[in-house]
Amino acid sequence: QKEVEQNSGPLSVPEGAIASLNCTYSDRVSQSFFWYRQYSGKSPELIMSIYSNGDKEDGRFTAQLNKASQYVSLLIRDSQPSDSATYLCAVNIVGNTGKLIFGQGTTLQVKP
Amino acid sequence: GAVVSQHPSWVICKSGTSVKIECRSLDFQATTMFWYRQFPKQSLMLMATSNEGSKATYEQGVEKDKFLINHASLTLSTLTVTSAHPEDSSFYICSASGRLAGYEQYFGPGTRLTVT
């Protein structure tokens, strides 16, 4: 079983809709969770971090964490074509020196 | 804040030569830097983790004698690809983590290496 799993997609949503990206992880003691956005040909950009159960909102982005279910998600409200990118879920494994385990990424396509 | 730069942004070299890539944290002290490689349409692959002033820790399958990493200061790490071959052509990305909450990593813009 992969340590961090994401559906590779592509996930296609119309402009203005809510895009929901999901991620599951296998290590129960993970404490830090991150969402990165990567445009084609570019490096990843940190868009959200979350450390405790519940929701965390930042503009159009909401990260949701459920440690009991080992599940973290990212909601993008009012999706825009400029949100079209690959979204990477990353998890910090306790005991490592800050090393992150990345999922394979979900490709999001927002259609005008 | 949390800006990381890389130089060069792209490089073309001949097979058998060596290439050095620099990674700098511009506005924070990076106690740990990470080097990744990414092939087209694939996910990030961690190559090594380097802490300031100590030897890098390489991931399984990464040749430490081929990919030399130096992290001499809290703002600079370098990756040298020695005796480069066409199969080393890839997108190399560094990230930096400092005295920030929760191990957030900030990525540089990447270096595209082409070996001819």
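Note: the structure precedes this text.
Residues numbered from 1 in each chain as written. Chains lettered and ligands numbered in written order. Predicted model: local features only at pLDDT ≥ 70, side-chain atom pairs only at ≥ 80, totals over all residues. Heavy atoms only, no water.

A. Highlighting the overall build of chain A. If you tally the helices and strands in chain A, you get zero helices and 11 strands. Listing every helix and strand of chain A by position from the N terminus yields β-β-β-β-β-β-β-β-β-β-β. Taken over C-alpha atoms, the radius of gyration comes to 13 Å for chain A, in line with the 13 Å a tight globule of 112 residues would show. Taken along the three principal axes of its C-alpha coordinates, chain A extends 45 × 30 × 20 Å. Counting over 112 residues, chain A shows a buried share of 45%. A total accessible area of about 5300 Å² is found for chain A, and carbon and sulfur atoms account for 46% of it. Placing the 10 positive and 10 negative side-chain charges of chain A at their respective mean positions leaves the two points 4 Å apart. (Helix = DSSP H or I, 4+ residues; strand = E, 2+ residues; numbered from the N terminus. Rg over C-alpha atoms; globule rule 2.2 N^0.38 Å. Buried < 20%, exposed > 50% of the residue type's maximum accessible area, 1.4 Å probe, protein only. Areas by Shrake-Rupley, 256 points an atom, 1.4 Å probe, with all protein chains shown as cover. Lys, Arg positive; Asp, Glu negative; His and termini not counted. Charge placed at Lys NZ, Arg CZ, Asp CG, Glu CD.)

B. Seen up close, the sheet that holds strand β8 (residues 71-76) of chain A. Residue and element names in this part refer to chain A. Strand order in this open sheet of five strands is β1-β3-β8-β7-β6, and the pairing throughout is antiparallel. Of all the strands in the sheet, the pair left with one neighbour each is β1 (4-6) and β6 (54-58). Between one strand axis and the next, the sheet turns by 20° as a mean value, whatever way the strands run. Of the strand pairs in this sheet, β6 and strand β7 (residues 61-66) are connected by five bridges, and their pairing is antiparallel. Within β7, the residue paired with Glu57 across the bridge is Thr62. (Pairing = 2+ DSSP bridges. Axes fitted to C-alpha atoms, helices over the stretch in contact; angles between N-to-C directions.)

C. Expanded view of the interface of chain B and chain A. With 22 residues of chain B at the contact, the number on the chain A side is 21 residues. Summing both partners gives a buried area of about 1500 Å² for chain B against chain A, and 55% of it is carried by carbon and sulfur. Scanning the region where chain B abuts chain A turns up one salt bridge. Taken together, the links from chain B to chain A amount to eight residue pairs in polar contact (both at pLDDT 80 or more). Counting only elements with at least two residues in the side of chain B that touches chain A, the list comes to β4 (30-38), β5 (45-51), β9 (90-98) and β10 (106-107) of chain B. Its residues assigned to classes, the side of chain B that touches chain A comprises 11 nonpolar, eight polar and three charged. (Contact = heavy atoms within 4.5 Å. Buried area = accessible area lost by both parts, 1.4 Å probe. Salt bridge = Lys/Arg side-chain N within 4 Å of Asp/Glu carboxyl O. Polar contact = N/O pair within 3.5 Å; in protein donor to acceptor, adjacent residues only side chain to side chain. Nonpolar A, V, L, I, M, F, W, Y, C, P; charged D, E, K, R; others polar.)

D. Highlighting the sheet that holds strand β7 (residues 67-73) of chain B. Residues and elements named next belong to chain B. Here four strands make up an open sheet; going across it, the order is β1-β3-β8-β7 and the pairing antiparallel. One side of each edge strand has no neighbouring strand; the edge strands of this open sheet are β1 (4-7) and β7. Mean inter-strand twist for the sheet, computed between neighbouring axes without regard to direction, equals 15°. With four bridges connecting them, β1 and strand β3 (residues 19-25) associate as antiparallel partners. Bridge pairing in β3 places Ser5 opposite Arg24.

Any functional reading would require information that these geometric values do not contain.
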